[in-house]
Amino acid sequence: MKKIATLIIVLLIVTIGLSIYKQVKKDLKIKRVECQEKTITFEKLYKKERVDKAIQLLQTHNYLIHTDIEYSKLMKSNLVHHLNQQQNQTLFESVLLSYLKEAEPSKEKLVIDYYIYENDKEDKGKKQDGAKKYAGYLVFEFKLNKQVIYKIQTDYMKLDGSDISERMDCVMKSFTTLKGE
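Rules used throughout
- Residues numbered from 1 in each chain as written.
- Predicted model: local features only at pLDDT ≥ 70, side-chain atom pairs only at ≥ 80, totals over all residues.
- Heavy atoms only, no water.
- Helix = DSSP H or I, 4+ residues; strand = E, 2+ residues; numbered from the N terminus.
- Buried < 20%, exposed > 50% of the residue type's maximum accessible area, 1.4 Å probe, protein only.
- Contact = heavy atoms within 4.5 Å.
- Areas by Shrake-Rupley, 256 points an atom, 1.4 Å probe, with all protein chains shown as cover.
- Pairing = 2+ DSSP bridges.
- Axes fitted to C-alpha atoms, helices over the stretch in contact; angles between N-to-C directions.
- Disulfide = S-S within 2.5 Å.

**Examining the overall build of the chain**
Step number 1: Along its length, the chain carries four helices and five strands.
Step number 2: Beginning at the N terminus, the succession of helices and strands in the chain can be written as α-β-α-β-α-β-β-β-α.
Step number 3: For the chain, the proportion of its 181 residues judged to be buried stands at 38%.
Step number 4: A separation threshold of at least 6 residues defines the contact pool for the chain, and within that pool the share at least 24 residues apart is 72%.
Step number 5: For the chain, the computed accessible surface area is about 11,600 Å², with 57% contributed by carbon and sulfur atoms.

**Remarks on the sheet that holds strand E1 (residues 41-45)**
Step number 1: Taken in spatial order, the five strands line up as E1-E5-E4-E3-E2 in an open sheet, and their pairing is mixed. Unpaired on one side and paired on the other, E1 and strand E2 (63-70) mark the two borders of the sheet. Strand-to-strand twist in this sheet, taken as the mean axis angle between neighbours without regard to direction, amounts to 10 degrees.
Step number 2: Two strands pair when backbone bridges link them, and strand E4 (residues 136-144) and strand E5 (residues 147-156) are joined in this way by nine bridges, in the antiparallel orientation. If you follow Phe-140 over to E5, its bridge partner there is Ile-152.

**Brief notes about the state of the cysteines**
Here a disulfide denotes one covalent bond, and it connects the sulfur atoms of two cysteines.
Step number 1: With the rule as written, the count across this model stands at one disulfide.
Step number 2: Here Cys-35 engages in a disulfide with Cys-170; their sulfurs sit 2.2 Å apart. Judged by the torsion about the S-S bond (85 degrees), the Cys-35/Cys-170 disulfide is right-handed. Taken together, the residues span a long stretch of sequence, with Cys-35 in the loop between helix H1 (2-27) and E1 and Cys-170 in helix H4 (residues 164-176) at a distance of 135 residues.

Here it is as structure tokens:
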């Protein structure tokens, strides 16, 4: 009788553990912000305890921006005719405006380090056809004291990059909605 009771307990523990594992695995696929559903988006929060400070620095105009564009090299670039470095900077700064509040000077600065990558569809390293469906992606890192607080990558779909500002806005929504989490 003890063996049967022990077996039932073990089976119960395994069943509960499997249920928890499936729920955790499923939650990783859930997108926190509606705009993340539009394209493939990955995000990771590295320093949860610093995110509120990072958002506060952003909103009070205490940030530095580092940016770059990586145009396709193996295929003819479409993006190079539609977006240069200065336009990229201006585009992002216009997106930022809706996330800013009154300026409060601070010695501490949030560093927003991002780049735009144009998908190089001629790259033989792309083994899956799905990797050729998007036009490119944006990668943003939000840093305090040289430590990454939050990182997000999101695809853009239009070859001319006309949806990049929409994806930048999604990045900012994703970041700023972390406040208080």
